[in-house]
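Close look at the chain arrangement
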There are 2 protein chains.
Amino acid sequence: MKEKREDRRISRTRRLMHEALMTLIEEKGYEAITVQDILDRADVGRSTFYAHYRDKDELLLSSFEHLRTLFEQQQQALFDSRRTGAEPEVHFILELFRHTGQHHKLYKAIAGKQSGEMILKYFNRYLYTMLIGPLTELNRNKKSMPVPIEITTHHLVSTLLSLMTWWLDNNMPYSAERMDEIFRILSTPVIETAFGRKVQKSEYESIAGEHLPGSVKAFYSLFVDSGCCPDK
Amino acid sequence: MKEKREDRRISRTRRLMHEALMTLIEEKGYEAITVQDILDRADVGRSTFYAHYRDKDELLLSSFEHLRTLFEQQQQALFDSRRTGAEPEVHFILELFRHTGQHHKLYKAIAGKQSGEMILKYFNRYLYTMLIGPLTELNRNKKSMPVPIEITTHHLVSTLLSLMTWWLDNNMPYSAERMDEIFRILSTPVIETAFGRKVQKSEYESIAGEHLPGSVKAFYSLFVDSGCCPDK
DNA sequence: TCTTTTTTTGAACACAATGTTCAGTAATGA
DNA sequence: TCATTACTGAACATTGTGTTCAAAAAAAGA
């Protein structure tokens, strides 16, 4: 059942290099790290590094890919359990803040002041691609909106990312739950005015069909379960 | 009256290096440029470059500083003329989009996909510092808000910057006026919900006193003259 | 104009980091 | 046990950085 096991040396070497990268980022920031630093810390040969990764960036990227897969699997599992009735609701943004908080060292490396912009761009593109389709769908057969859909999407993504980086850069002074709430407060009225009308819960749900990947489906819960905007 | 004139050679050398940097950014993107590229293009000696700037970043930064000064002077002039009654209203954001559009080559170098993140961070800090004081002032002696003031400020800044970069990266498909309108549509409802209440026009105006620099004063017009959110 | 001051030049240099190569060694899995 | 695969480490070519200095050129000042 399990696909062919990876050579133990490979996983060991990769793990060592990832760990080295993480501690080095904490110490001096991503930009300042040289390949030699990583080699010294991980205690592996120079040629070994280049046998695995083309450069520093690819090493960081692979850490991120790994984490993203992990998160998507978790989201899929949550979504499946929701279908069976165990969990009432999935909160994508909240889960994202929780997940980020759990792995905050890596995410700080990825998205914090100390990091390069490279992965932020990657992340940006990832979220944008995830959102643009469904949001467009949401407006199918509707009249033109006050704000172009690409801009609204771009805006939502950058709102989330800027909250995320702020949170990490300031050492997470609020809980994931509070950040999730803040995101709702900031984004919900925007969605309404950008679309030029209230968007009904049922509309989101009708789109979150069977064909979408788990994490995308989960994203809808962002809009679906409101409970935002106190004392209004 | 005029302060001592700068040596003609100095301005010439600097101009050549700036022009070289700009065309090179267009050609291959900021990151890919080496100091040698700049020297070849500008046709100046290596030691000359280092006599003027510590590195590539400092050269780009000085372009930006120059433009910022220019913009602030223009804003100050506009604000002064407003006081004399000639111009009814100053629209900071609109002026910023116009100014950016006029110098879009440089701003694209500064804020576009091709550029480094360095100046975006600088810009971010600049706008944040400009906004945080007045916004805090605005809420003096008021009860706690649904969203912490630092986050609201951070959010407004990142909204503006993300609109700006989107605009530049997509070759300015809309007019500065339209972008200004979009910014209002996206930010106005956020300000209201983040503050937990409507903020009166008079409140903004009472803060925009004599002691604030021109561009900051002008910033208030962002809130002061509404006219946003059509068909609501 | 002549003199003084300032700027530019270009080549040489030390240095730091990258990424490749390859023969030798060690660990692994079957 | 043994074929396979991965790691090693030192050497090497390459690219880019930033400094130095004496000579040449240009500008400013009188």
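Above: the structure in question.
All figures in this text were calculated on a predicted structure; none of them were measured in a lab. (Residues numbered from 1 in each chain as written. Chains lettered and ligands numbered in written order. Predicted model: local features only at pLDDT ≥ 70, side-chain atom pairs only at ≥ 80, totals over all residues. Heavy atoms only, no water.)

To continue, consider the protein's contact with DNA strand D. Taken together, 18 residues lie around DNA strand D, and A:T13, A:G45, A:S47, A:T48 and B:R9 are the ones closest in. The sugar-phosphate share of atoms of DNA strand D within 4 Å of the protein amounts to 60%. Taking A:S47, its side chain carries an N or O atom lying 2.5 Å from a base oxygen of DNA strand D. A distance of 3.1 Å is found between a base nitrogen of DNA strand D and a side-chain nitrogen or oxygen belonging to B:R46. Breaking the surface near DNA strand D down by element, the ones donating at least two residues are helix 1 (8–28) and helix 3 (46–52) of chain A together with helix 1 (8–28) and helix 3 (46–52) of chain B. In the surface near DNA strand D, the residues fall into four nonpolar, seven polar and seven charged. (Near = heavy atom within 4 Å. Polar contact = N/O pair within 3.5 Å; in protein donor to acceptor, adjacent residues only side chain to side chain. Helix = DSSP H or I, 4+ residues; strand = E, 2+ residues; numbered from the N terminus. Nonpolar A, V, L, I, M, F, W, Y, C, P; charged D, E, K, R; others polar.)

Below, the discussion takes up the packing of aromatic side chains. Residue and element names in this part refer to chain A. The tally for this structure, following the rule as stated, stands at eight aromatic pairs over all chains. An aromatic cluster of three or more residues is present, and its members are F49, Y50 and Y53. The ring of Y174 carries R178 above its face, with NZ or CZ at 5.9 Å from the centroid. (Phe/Tyr/Trp six-rings, centres within 6.5 Å; stacked < 30°, edge-to-face > 60°. Lys NZ or Arg CZ within 6 Å of the ring centre and 35° of its normal.)

Residues and elements named next belong to chain B. With their axes 8 Å apart at the nearest point, helix 5 (residues 92–102) and helix 9 (residues 176–195) run at an angle of 140° to one another. It follows from the interaxial angle that helix 5 and helix 9 lie oblique. Viewed along their axes, helix 5 and helix 9 form a crossing whose handedness is right-handed. Packed against helix 5, whose contacting residues are I93, L94, F97 and R98, the element helix 9 presents A176, E177, M179, D180 and F183 at the interface. (Axes fitted to C-alpha atoms, helices over the stretch in contact; angles between N-to-C directions. Parallel < 35°, antiparallel > 145°, perpendicular 65-115°, else oblique. Left-handed = near helix turned anticlockwise from the far one by under 90°. Contact = heavy atoms within 4.5 Å.)

Okay, the pattern of salt bridges next. By the definition in use, this model includes 20 salt bridges over all chains. Between A:K28 and A:D37 there is a salt bridge; the shortest N-O distance is 2.9 Å. Salt-bridge contacts for B:D180 lead to B:R184; the nearest nitrogen and oxygen are separated by 2.9 Å. Here B:R184 and B:D180 lie together in helix 9, a separation of four residues that amounts to about one turn. There is no split in this pair, since B:D180 and B:R184 are both buried. Each member of the salt-bridge network shares a partner with another, and the members are A:E95, A:R98 and A:E177. (Salt bridge = Lys/Arg side-chain N within 4 Å of Asp/Glu carboxyl O. Buried < 20%, exposed > 50% of the residue type's maximum accessible area, 1.4 Å probe, protein only.)

Turning next to the side chain of A:S162. With respect to the element layout, A:S162 can be found in helix 8 (residues 149–169). At 3.3 Å, the side chain of A:S162 and the backbone oxygen of A:T159 are in polar contact. Ignoring anything within four residues of it in the chain, the contact list for A:S162 reads B:H154 and B:S158.

In the vicinity of DNA strand C there are 20 residues, among which A:R8, B:T13, B:S47, B:T48 and B:H52 approach most closely. For the surface near DNA strand C, the elements supplying multiple residues, two or more each, are helix 1, helix 2 (35–42) and helix 3 of chain A together with helix 1 and helix 3 of chain B. Here the surface near DNA strand C is composed, by residue class, of four nonpolar, eight polar and eight charged.

Turning our eyes to something else, we now look at helix 1 of chain A. Residues and elements named next belong to chain A. The end-to-end C-alpha distance of helix 1, which contains 21 residues, comes to 30 Å, matching closely the 30 Å that a straight helix rising 1.5 Å per residue would cover. Within helix 1 the residues assigned to the buried category are T13, L16, M17, H18, A20, L21, M22, L24 and I25. Two to three positions downstream of the cap, the backbone nitrogen of R9 sits 2.9 Å from a side-chain oxygen, assigning the N-cap of helix 1 to D7. Two residues or fewer past helix 1, G29 is found with a positive phi of approximately 85°. (Expected span 1.5 Å × (residues − 1).)

A cluster of acidic residues, A:E31, A:D55, A:D57, B:E31, B:D55 and B:D57, forms a negative patch on the protein surface. Mapping A:D55 onto the fold places it in the loop between helix 3 and helix 4 (56–83). With relative accessibility at 30%, the residue A:D55 sits in the partly exposed group. (Patch = residues over 30% accessible without salt bridge, like charges linked within 9 Å, V, L, I, M, F, W, Y side chains within 5 Å. Areas by Shrake-Rupley, 256 points an atom, 1.4 Å probe, with all protein chains shown as cover. Lys, Arg positive; Asp, Glu negative; His and termini not counted. Charge placed at Lys NZ, Arg CZ, Asp CG, Glu CD.)

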